[in-house]
Amino acid sequence: MGGLFHHWRHPRRCYLVCATARSGSNFLTDGLHATRKAGRPKQFFLPKFESDYGSAHGLDPHTDFAGYVRGIIPATATSNEVFGFKVMGWYLQDFLDRMQAAFPGYQDARTLLATIFPRLKYLRMVRRNKLRQAISKARALQSGLWKIQDGNSAHAGPNFDFELITQCLRETEEDEAVWQRFFEEQGIVPHTVIYEDLCAKYDDTIRSTLGVLGVKIPSSSQLKPGTVRQSDELSKAWEDQFLKLAPTT
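Every value quoted in this text rests on a predicted model; they were computed, and no experiment measured them.

A. View of the pattern of salt bridges. In the structure shown here, the tally under the stated rule is 7 salt bridges. For R128, the salt bridge goes to D197, with nearest N and O atoms at 3.2 Å. Pair noted here: R128 is in the loop between strand 3 (120-126) and helix 6 (130-143) and D197 is in helix 8 (residues 195-200), with a separation of 69 residues, a long-range link. The exposure class assigned to R128 is exposed, which follows from its relative accessible area of 51%. Where E239 meets R132, a salt bridge forms, and the shortest distance between an N and an O atom there is 2.9 Å. Of this pair, E239 sits in helix 10 (residues 233-245) while R132 sits in helix 6, placing them 107 residues apart in sequence.

Okay, structure coming up:
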């Protein structure tokens, strides 16, 4: 098995951000990226993004997916050889199937991923308030605005939709269950980052996460959020409205 990877220069550390939609994973990954010591954690293995990443680095994920995987790691690692990437629960199985097809012969997913991604650490991003998470997803689906940054604008104004929020809440629970099963089946204990803690203690949470990855930055470094939080009074109003309409048990 080692022959597949024998000739490439290994990053010293790799990590996978295990996320669900609107869990705050961009808030985490942008913060890690901003340190310039923790890779550039993006969804490199979501098929709809692979062409763009491949084109940017002279790789072709369609004709040589294994080569794309081998190449994207050193191409996007930071100078200290740290590589990060993100996978959402809804396409975890597709990601694993494609990796197993590209690099056959491994008995379990944990061994496969540890071979492809040296010294792999797992960061699990979760949000305590699942209803707020579902509301955030519903708003993003309606507006088309998944991240507030230059060049992004809403395509449509959001409207309260009880059924859509209920669907998003169910999907959030299903995606979290996907990750939980994966960790239990593979015997993995991830480092968990709580969105609400990241919001309340941004500097401390980023630093503790870097510590898990074995990355050191000066204590004098100023860590500031690079992602704008989208939660606002409208989210709170929708939360109150949903709770009034939701059946009690």
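Alright, that's what it looks like, and here's the rest.
B. Just the packing of aromatic side chains, in detail. Within the structure shown, the criterion is met by 21 aromatic pairs. Where F45 meets F95, the ring centres are 5.8 Å apart and the plane angle is 40°; that geometry is what we call tilted. Pair noted here: F45 is in the loop between helix 1 (25-34) and helix 2 (47-56) and F95 is in helix 4 (residues 92-102), with a separation of 50 residues, a long-range link. When its relative accessible area of 1% is taken as the criterion, F95 is described as buried. Seen in terms of ring centroids, F83 and F117 are 6.1 Å apart; in terms of plane orientation they differ by 5°. Their pairing is stacked. Of the two residues, F83 is situated in strand 2 (residues 82-88) and F117 in the loop between helix 5 (109-116) and strand 3; the sequence distance between them amounts to 34 residues. Each member of the pair, F83 together with F117, is buried. Here a set of aromatic residues connected by ring pairs shows up, and it is made of F44, F45, Y53, F65, Y68, F83, F85, F95 and F117.

C. Fine view of the nonpolar core. F45, F83, F85, F95, M99, F117 and F182 are the most contacted members of the largest nonpolar core, which has 56 residues in total. Residues contacting M99, with those up to four places away along its chain left out, are F45, F65, V69, L112, I116 and F117. Of all hydrophobic cores here, the second largest spans 11 residues; its members include L131, L164, I165 and C168.

D. Structural view of the sheet that holds strand 3. Taken together, 4 strands build an open sheet; the order of strands is 2-1-3-4 and the sheet is parallel. At either margin of the open sheet sits one strand with a lone partner, and together these are strand 2 and strand 4 (191-194). The average angle at which neighbouring strand axes cross in this sheet is 25°, direction not considered. This element, helix 1, spans strand 1 (13-19), strand 2, strand 3 and strand 4 of the sheet and lies at about 160° to strand 1. Contacting strand 1, strand 3 and strand 4, helix 9 (residues 202-213) runs over the sheet at an angle of about 155° to strand 3.

E. Structural view of the pairing of strand 1. For strand 1, the buried fraction is high: 7 of the 7 residues fall into the buried class. Going residue by residue along strand 1, you find R13, Y15, V17 and A19 tucked away on one face and C14, L16 and C18 tucked away on the opposite face as well. Two strands pair when backbone bridges link them, and strand 1 and strand 2 are joined in this way by 7 bridges, in the parallel orientation. Note on strand 2: the bridge partner recorded for C18 is V87. Taken together, the 5 bridges between strand 1 and strand 3 define a ladder with parallel strand orientation. Considered in strand 3, the bridge of L16 is made with Y122.

Rules used in this analysis
- Residues numbered from 1 in each chain as written.
- Predicted model: local features only at pLDDT ≥ 70, side-chain atom pairs only at ≥ 80, totals over all residues.
- Heavy atoms only, no water.
- Salt bridge = Lys/Arg side-chain N within 4 Å of Asp/Glu carboxyl O.
- Helix = DSSP H or I, 4+ residues; strand = E, 2+ residues; numbered from the N terminus.
- Buried < 20%, exposed > 50% of the residue type's maximum accessible area, 1.4 Å probe, protein only.
- Phe/Tyr/Trp six-rings, centres within 6.5 Å; stacked < 30°, edge-to-face > 60°.
- Core = buried A, V, L, I, M, F, W, Y, C linked by side-chain atoms within 4.5 Å.
- Contact = heavy atoms within 4.5 Å.
- Pairing = 2+ DSSP bridges.
- Axes fitted to C-alpha atoms, helices over the stretch in contact; angles between N-to-C directions.

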